[in-house]
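# A look at the structure
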Amino acid sequence: MNLAKEDKRMKKAWWKESVVYQIYPRSFCDSNGDGIGDLNGITGKLEYLKELGIDVIWLSPVYQSPNDDNGYDISDYRRIMAEFGTMEDYDRMLKRAHELGIKIMMDLVVNHTSDEHAWFVESRKSKDNPYRDYYIWRDAKGGKEPNNWGACFGGSAWKYDEKTDQYFLHLFSEKQPDLNWDNKEVRKKVFDMMTWWCEKGIDGFRMDVISLISKRPGLPDGPVGRSGYGDHGCANGPHVHDYLKEMNREVLSKYDLITVGECSGVTVEEAKKYASAEGTELNMVFQFEHMDLDGGENFKWNHEKIRLTELKAVMSKWQTELAGKAWNSLYWCNHDQPRMLSRIGNDTKEYRERSAKLLGTCLHMMQGTPYIYQGEELGMTNYPFQSLDEFRDIESINAYHELTEKKIVSPEDMFDYISYKGRDNARTPMQWDDSRQAGFTSGTPWIAVNPDYKEINAKEQMEREDSVFHYYQKLIRLRKEHEIIVYGDYKLLIPDSEELYVYMRSYEGQRLLVICNFAEKEMAYEVPEELMGEEGDVLISNYGRTELGHSAVLEPYECMAVLYA
Ligand code: GLC
Ligand code: CA
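This section reports on the structure supplied with the text. (Residues numbered from 1 in each chain as written. Chains lettered and ligands numbered in written order. Predicted model: local features only at pLDDT ≥ 70, side-chain atom pairs only at ≥ 80, totals over all residues. Heavy atoms only, no water.)

## As for the overall build of the protein chain
How we decide: We count a stretch as a helix when DSSP gives it H or I for four or more residues in a row; a strand needs E for two or more, and each element gets its number in order from the N terminus. Throughout, radius of gyration means the C-alpha value; the globule benchmark is 2.2 Å times the number of residues raised to the power 0.38. Exposure classes here rest on a 1.4 Å probe applied to the protein chains alone. A residue is buried below 20% of its type maximum, exposed above 50%, and partly exposed in between. Working rule for contacts: check all heavy atoms of both residues, and any pair within 4.5 Å makes them a contact. A residue counts as positive if it is Lys or Arg and as negative if it is Asp or Glu; His and the chain ends are not included. Taken as the charge centre is NZ of Lys, CZ of Arg, CG of Asp or CD of Glu, depending on the residue.
Along the backbone of the protein chain there are 17 helices and 20 strands. Computed over C-alpha atoms, the radius of gyration of the protein chain comes to 24 Å, within 12% of the 24 Å expected from 2.2 N^0.38 for 565 residues, which places it in the range of a compact globule. With the principal axes as the frame, the protein chain shows a C-alpha extent of 75 × 60 × 50 Å. For the protein chain, buried positions account for 62% of its 565 residues. Relative to all contacts within the protein chain whose residues are 6 or more apart in sequence, the contacts with residues 24 or more apart total 71%. Side-chain charges of the protein chain comprise 70 positive and 97 negative groups, with the mean position of each set lying 4 Å from the other.

## Some remarks on the site of ligand 1
Inclusion rule: Here, proximity means that at least one heavy atom of the residue falls within 4 Å of the molecule or strand. Within 3.5 Å is the distance limit for a polar contact, defined as a pair of N or O atoms, with the added protein rule that one can donate a hydrogen and the other accept it, and that residues adjacent in sequence qualify only through two side-chain atoms. Residue burial considers only the protein chains on display, and all accessible areas are found by Shrake-Rupley using a 1.4 Å probe. The residue classification treats Ala, Val, Leu, Ile, Met, Phe, Trp, Tyr, Cys and Pro as nonpolar and Asp, Glu, Lys and Arg as charged. All others, Gly included, are polar.
Around ligand 1 there are 14 residues in total, and Asp 69, His 112, Asp 208, Glu 262 and Asp 336 lie nearest to it. Interatomic distance of 2.8 Å between a side-chain N/O atom of Asp 208 and an oxygen atom of ligand 1. The side chain of Arg 423 places a nitrogen or oxygen atom 3.0 Å from an oxygen atom of ligand 1. Taken by itself ligand 1 offers 310 Å² of open surface, and the protein chains cover 96% of this. Tallied by class, the residues present in the shell around ligand 1 amount to four nonpolar, three polar and seven charged.

## Points about the nonpolar core
To be explicit about the condition: Among the buried residues, those of types Ala, Val, Leu, Ile, Met, Phe, Trp, Tyr and Cys that are joined through side-chain atoms within 4.5 Å form a nonpolar core.
Grouped together as the largest cluster of nonpolar side chains are 144 residues, with contacts concentrated most on Tyr 90, Met 194 and Phe 205. Once you skip the residues sitting within four places of it in the chain, Tyr 90 turns out to touch Leu 39, Leu 59, Val 62, Ile 80, Ile 104, Met 106, Trp 197, Lys 200 and Ile 202. Core analysis: the second largest hydrophobic core is formed by 18 residues, Ala 519, Ala 552, Met 560 and Val 562 among them.

## Some points on the side chain of Asn 148
With respect to the helices and strands, Asn 148 occurs in the loop between strand E6 (137–138) and strand E7 (158–161). A polar side-chain atom of Asn 148 sits 2.8 Å from the main-chain carbonyl oxygen of Gly 222.

## A short note on the packing of helix H11 (residues 352–364) against helix H16 (residues 468–481)
Quick reminder of the rule: Orientation is described by lines fitted to C-alpha atoms, with helices fitted over the stretch in contact, and by angles between N-to-C directions that extend from 0 to 180 degrees. Just so you know how the angles are binned, under 35 degrees is roughly parallel, over 145 roughly antiparallel, 65 to 115 roughly perpendicular, and the rest oblique. Put simply, a crossing is left-handed when the front helix is turned counterclockwise from the back one by less than a right angle, and right-handed when it is turned clockwise.
As a packed pair, H11 and H16 sit with axes 10 Å apart at the nearest point and diverge in direction by 15°. By the criterion of interaxial angle, the relationship of H11 to H16 is roughly parallel. Regarding H11 and H16, the two cross each other, and that crossing is right-handed. Taking contact as the criterion, the partners of Glu 353, Ala 356, Lys 357, Gly 360, Thr 361 and His 364 in H11 are, on H16, Val 468, Tyr 471, Tyr 472, Leu 475 and Arg 479. Looking at the contact of H11 with H16 residue by residue, the class counts come to five nonpolar, three polar and three charged.

## Considering the coordination of the calcium ion (ligand 2)
To keep it simple, the criterion reads: Only nitrogen, oxygen and sulfur atoms within 2.8 Å of the metal, or 3.2 Å for Na, K and Ca, are treated as donors, and water is left out, so sites may look incomplete.
Protein-derived ligands of the calcium ion (ligand 2) are Asp 30 (OD), Asn 32 (OD1), Asp 34 (OD), Ile 36 (O) and Asp 38 (OD), with the metal-ligand distances lying across 2.2 to 2.3 Å. Within one chain, the residues serving as donors to the calcium ion (ligand 2) are arranged as D-x1-N-x1-D-x1-I-x1-D. A relative accessible area of 8% means that Asp 30 is categorised as buried.

## Structural notes on unusual backbone geometry
For Asn 236, which is not glycine, the phi dihedral falls at a positive 55°. Structurally, Asn 236 can be placed in the loop between strand E9 (204–207) and helix H7 (240–250). A positive phi is found at Glu 508, a non-glycine position, where the angle reads about 45°. Along the chain, the position of Glu 508 falls in the loop between strand E15 (500–507) and strand E16 (510–517). Residue classification places Glu 508 among the exposed residues on the basis of a relative accessible area of 69%.

## Side note on the pattern of salt bridges
So the rule is basically this: Just to be clear on terms, a salt bridge is a Lys or Arg side-chain nitrogen sitting within 4 Å of an Asp or Glu carboxyl oxygen.
Counted by the stated rule, this structure contains 47 salt bridges. Lys 125 is the salt-bridge partner of Glu 122, the closest N and O atoms lying 2.8 Å from each other. Judged by relative accessible area, Lys 125 falls into the partly exposed class, the value being 40%. In this structure, the salt-bridge partner of Asp 336 is Arg 427, at a minimum N-O distance of 3.2 Å. One end of the pair, Asp 336, is in the loop between strand E12 (329–330) and helix H10 (340–343); the other, Arg 427, is in helix H14 (residues 424–427), and 91 residues separate them in sequence. Beyond isolated ion pairs, a larger network of salt bridges with shared partners links Asp 69, Lys 300, Asp 336, Asp 393, Glu 395, Arg 423 and Arg 427.

Okay, here's the thing in C-alpha cells:
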C-alpha cells in the first residue's frame, strides 16, 4: 500500500501515546532492609505507579553485575543481580505489572559487558581463544596505547593486559570492555539474548549508548582535549545503522515493543535514521543537545546556567525537524543527570513546587513520548553534598581526581561542579514518606537520603490535592484525553524571550497554547493574534488559573496549557 505522506505522519502507535517512568532499582524501594532497592520493592510499589497513571516502566539494569557502574557493567545477561533478587522475583514483578496494565522496558547494555562476563573471561585468556574477537584487542603502538582515545570515566580508553601483551578497548571504565560489533557472532549472541527476554514477555528495550557500537575502521586518533586524551569519535559510526537494521529484522520486528536508543552524539539527521517513521531501526532516541547546553571545555563539569533561548531553540529544532519523519523522546531527568528542578527550575521552598509543575508542563505538552524519572513527579531536588565521601558514582569520583590532580580545576571548584552536575543527585533514594530513611529502607541506604524528605515525599503528596504528584497525574491523563498533545504540530512562539517559553500545538483544527514563565518575576503576556477573541479552555495551570483573556500578567514560574477547540 502506498501511504500518502499525511497518513504516514499521523501513524498512530501505543508507544507514541504512552508515558514512560524510569526506575533506578538500587534507589527505588528496599524490601529486605539491606539498604539496596530491589525487585520485590518495585513490585510493592506498582500500585503507586498505576495511580500516577504511567504506561511503561524503563527499568535500569537488573542483570548480574559486579556494580562497577551500578549495573551498567553486566556479567550475565540472563541472571538477576543477587542484591536485587531472583528470576522468580523478576517474573512476579513482570506478571503483576502486566496485570495492572503496565509494560516493562529493559535496559539493554550491549556496547560493552563487564570484564567479569564469561565472554571476556575467555577472551583475555589467549590470542587464539574463540572469544578473543568478541572484544577489541590491539597491540601497543610505539610502546604506548594503540591510540589517543580517552575513556568517558577518565584516563585512557585502553587497558593493557599482561597475559597476552595487548590492550583492550573500554570507552567507559576499565571494567566495561567494549564488545566488537563487527563480529557477526557477537551480534548473533546479543540478538539471541534479546529474543530470550522477549519470549519472557518483556515489552521493550532502552538501548544503552547504542550510538557507539560501530567503531571507525583503523580506530584513528581523535582531537585532543584539555584532559590530554583524544575524542574517541565513536558516535554514529559507519555500520551502526546496518547493525540496528539487522537487530530490527532478527528481533525487534517480531514483537510489539517500545524501543529507545540512548544516542550520545546524535544529530537530527542521524535521529531520522535511528528512529525513522519507517520503523526499520528503533522507535525513538534520547538526544543530548539540551543536556549539553551547559557543557564546556571540561566536558560537563562546571556550574553554568542554561539560557532559555538556547534551550528553546534546541527543543524546537527537535520538535519540528522530526515531525512526521521520526519520533522524539522527551526528558529532563534520568539517572545520569542532576535534578532538572535544581538546574533550570527553582528548588527554593517558595518556588519548588510551582517550578516542578512548570517543567512538567513544558515537556509533557510537546510531541514525543515523555519520560519521568523516579522522584521527578514529586519535585525531588539535588542533594546538598558536604564532602567527597558522600559520592558513590564512579564518574564524579574519577573526574574529581583527574581534573584536580592535573590542576585543570581547583578542588573547591571541582567539588562545586560534581555537587551541581553529578549523577548521584538523581540516585539518592526515592522519598516515600517522612519516616526514617524516607521509607526507602529499614536499614542503612547505600547512598544517603536527601534531608528534604520530610517535606518532599510521596505519602504527603498523594494526600494533598495540589501536589506535584497530582499535577503529573493530570499531565499524564491529559495526554490520553487529547490527541493534539500526542500528534499535534509544534510551533515555537516568541523565540527571543529569555523568560517565557511559549509554543503552540495544532491538530485537526484545534490549537493548544502552552505558556511557561521560567522567570522568578511577573511577566506580561499577550496571546497571539490568531487566537485573540477566541475562548480557550485552560486544561492545566500551576496557579489555579481557570481562564485566559487576550493578555495576562503571569506569576513567577506560572504555566498553563490552553485548548482552543
Ligand atoms: C549510559 C548509562 C550510564 C552508564 C553508561 C555506560 O550512558 O546511562 O549510566 O554509565 O551508559 O554504560
Ligand atoms: Ca534490598
